[in-house]
Amino acid sequence: MSASDRDDGSLSRRKILECMTWVGTGILWSVAGGVPRSLGIIDEAVAKEAGGLKFLQISDSHIGFDFKTPYPNAVGTLSECVGKIKALPTKPAFMIHTGDISHLSLAAQFDDADKVIGETRLDVHYVPGEHDFVDADRKLFLERYGRGSKGAGWYSFDAGGVHFIGLVNVYDLKAGGLGNLGHEQLEWLEADVKGRSASTPIVLFAHVPLWTVYPNWGWGTDDGAQALSYLKRFGSVTVLNGHIHQVMQKVEGNVTFHTARSTAFPQPAPGSAPSPGPMKVPAEKLRSMLGIANVTYQQNQERLAIIDTPLQA
Amino acid sequence: MLDLKTIRGSLVAAALGAACGPLLAPLVLPAWSQNKPASGISIDNFTFSPGKLTVKAGTTVTWTNKDDIPHGIASADNAFNRSKALDTDDAFSFTFTTPGTYQYFCYIHPHMMGTIVVEAATGENAMP
Ligand SMILES: [Cu+2]
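What you see is a predicted model, and the numbers here were worked out from it, not measured in a lab. (Residues numbered from 1 in each chain as written. Chains lettered and ligands numbered in written order. Predicted model: local features only at pLDDT ≥ 70, side-chain atom pairs only at ≥ 80, totals over all residues. Heavy atoms only, no water.)

### Here we look at helix α5 (residues 107–118) of chain A
Residue and element names in this part refer to chain A. Its 12 residues place the ends of α5 16 Å apart at the C-alpha level, agreeing with the 16 Å of an ideal helix rising 1.5 Å per residue. Buried within α5 are the following residues: Gln109, Phe110, Ala113, Val116 and Ile117. The buried residues of α5 occupy one face: seen down the axis, they fall within an arc of 135 degrees. (Helix = DSSP H or I, 4+ residues; strand = E, 2+ residues; numbered from the N terminus. Expected span 1.5 Å × (residues − 1). Buried < 20%, exposed > 50% of the residue type's maximum accessible area, 1.4 Å probe, protein only. Arc of directions from axis to C-beta.)

Below, the structure written as structure tokens:
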């Protein structure tokens, strides 16, 4: 989108209206407790059963963000999430963090995040958010979390019969663009899934949504569709993202798209505010808009069950 | 940096005050009067304003972040080095010496774009 498009009131208004319509029909909003309505009953049932692979997603901890009221502090709300995680009746196999660990890629911010998250005593698989690559050399994230990864930090691993793929769509962002994976990473992805059985469940995770949520706010990935095209033959694909600081879910064929809440601050629904800046909510409401996601995979289930747990219902 | 600017400003004010009499002394002198043209772009609600800025060659352009979220300034064609991440109220300046059209964007939110048109300097603003 060019600056002149933005200046054209009628055009941007039309775009917003189109998106609003699409939001109404395409995105299922979470209801109480954060369980998406379309999958709620199945998911809750599956998640309550014993067994299966259980893992957690947390996102957007933005350590270093410190913006007056109503946000107490990002370390504090992350600690509360960690408290929830430690209190879980079943210990998850591991955790994934879908980026924006830090607010400004400062060593001290990564240190603080590591200290709090370390209390979970879980293995954590990280992918970076754009806030984790703002140091001058863009090297702190990779030094800390990039061991064994390729390129700007992408990698894959297997756990509990599921193939997990961590992608990086925030590294070399182009003027006017959205999130971006780039040619090298796409080639790697294509090779990574080649030869795997189509019955292997795939979990793809990255910071910025790989589906187009709201391009006017940069909420999408330019070459996300290309990445997903390599996964068409797989029976079960789950895409976990962060970045937009709210729960959204969409099911398209065999692909379930899901975004997690932030542990630090909420952002407005697409087009509902002049900009995607931090949402100012009353302090007593804030904790219902922050939280974690628990994911369960059981063999022979088509979809992974995802339960979003707010800090406070 | 702020200190230096303040000191320079008061030195100029003092010099002018001596030459033109005490009436002028309390005036805050805009940057252009020091023969160093300056112009500003504010970042508000994830938007650069003005979105298109036209300046004379030699002008120092300063971006100031008024949002609650950091932004970063990068040239679309590497005409200048990218800024550090600008937290709330942080600023970044660059002096444009060569006429031309410069596209820039926020490297954290790349859908945010702006243009600076640098025109040849004339008259008193001409570069030596
Ligand atoms: Cu920005």
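Past the structure itself, the notes keep going.
### Concerning the interface of chain A and chain B
Facing the 31 residues of chain A at the interface are 17 residues of chain B. Around 2000 Å² of area is buried between chain A and chain B when both sides are counted, 63% of it from carbon and sulfur atoms. In this assembly, chain A and chain B are joined by 1 salt bridge. With a shortest N-O distance of 2.9 Å, A:Lys280 and B:Asp68 are connected by a salt bridge. For the interface between chain A and chain B, the tally reads 5 residue pairs in polar contact (both at pLDDT 80 or more). When the residues that make up the side of chain A that touches chain B are grouped by side-chain class, the tally is 16 nonpolar, 9 polar and 6 charged. (Contact = heavy atoms within 4.5 Å. Buried area = accessible area lost by both parts, 1.4 Å probe. Salt bridge = Lys/Arg side-chain N within 4 Å of Asp/Glu carboxyl O. Polar contact = N/O pair within 3.5 Å; in protein donor to acceptor, adjacent residues only side chain to side chain. Nonpolar A, V, L, I, M, F, W, Y, C, P; charged D, E, K, R; others polar.)

### Let's talk about the coordination of the copper ion
Residue and element names in this part refer to chain B. In the first shell of the copper ion, the protein supplies His71 (ND1), Cys106 (SG) and His109 (ND1), at 1.9 to 2.2 Å from the metal. Written as a sequence motif, the donor arrangement for the copper ion is H-x34-C-x2-H. Of the residues examined, Cys106 reaches a relative accessible area of 0% and is grouped as buried. (Donors = N, O, S within 2.8 Å, 3.2 Å for Na, K, Ca; no water.)

### Here's the deal with the sheet that holds strand β10 (residues 291–297) of chain A
By way of backbone hydrogen bonds, the strands of a sheet pair with one another, either parallel or antiparallel. Residue and element names in this part refer to chain A. The 5 strands are arranged β3-β2-β1-β10-β11 in an open sheet whose pairing can be described as mixed. Each edge of the open sheet is held by one strand with a lone partner, namely β3 (124–126) and β11 (305–310). Taken over all neighbouring pairs, the strand axes of this sheet differ in orientation by 25 degrees on average, direction set aside. In this sheet, strand β2 (residues 94–97) lies alongside strand β1 (residues 53–58) in parallel orientation, the contact comprising 4 bridges. Looking at β2, one finds that Phe55 is bridged to Phe94. In the packing of helix α4 (residues 74–86) onto the sheet, contacts are made with β1, β2, β10 and β11, and the angle to β10 comes to roughly 30 degrees. (Pairing = 2+ DSSP bridges. Axes fitted to C-alpha atoms, helices over the stretch in contact; angles between N-to-C directions.)

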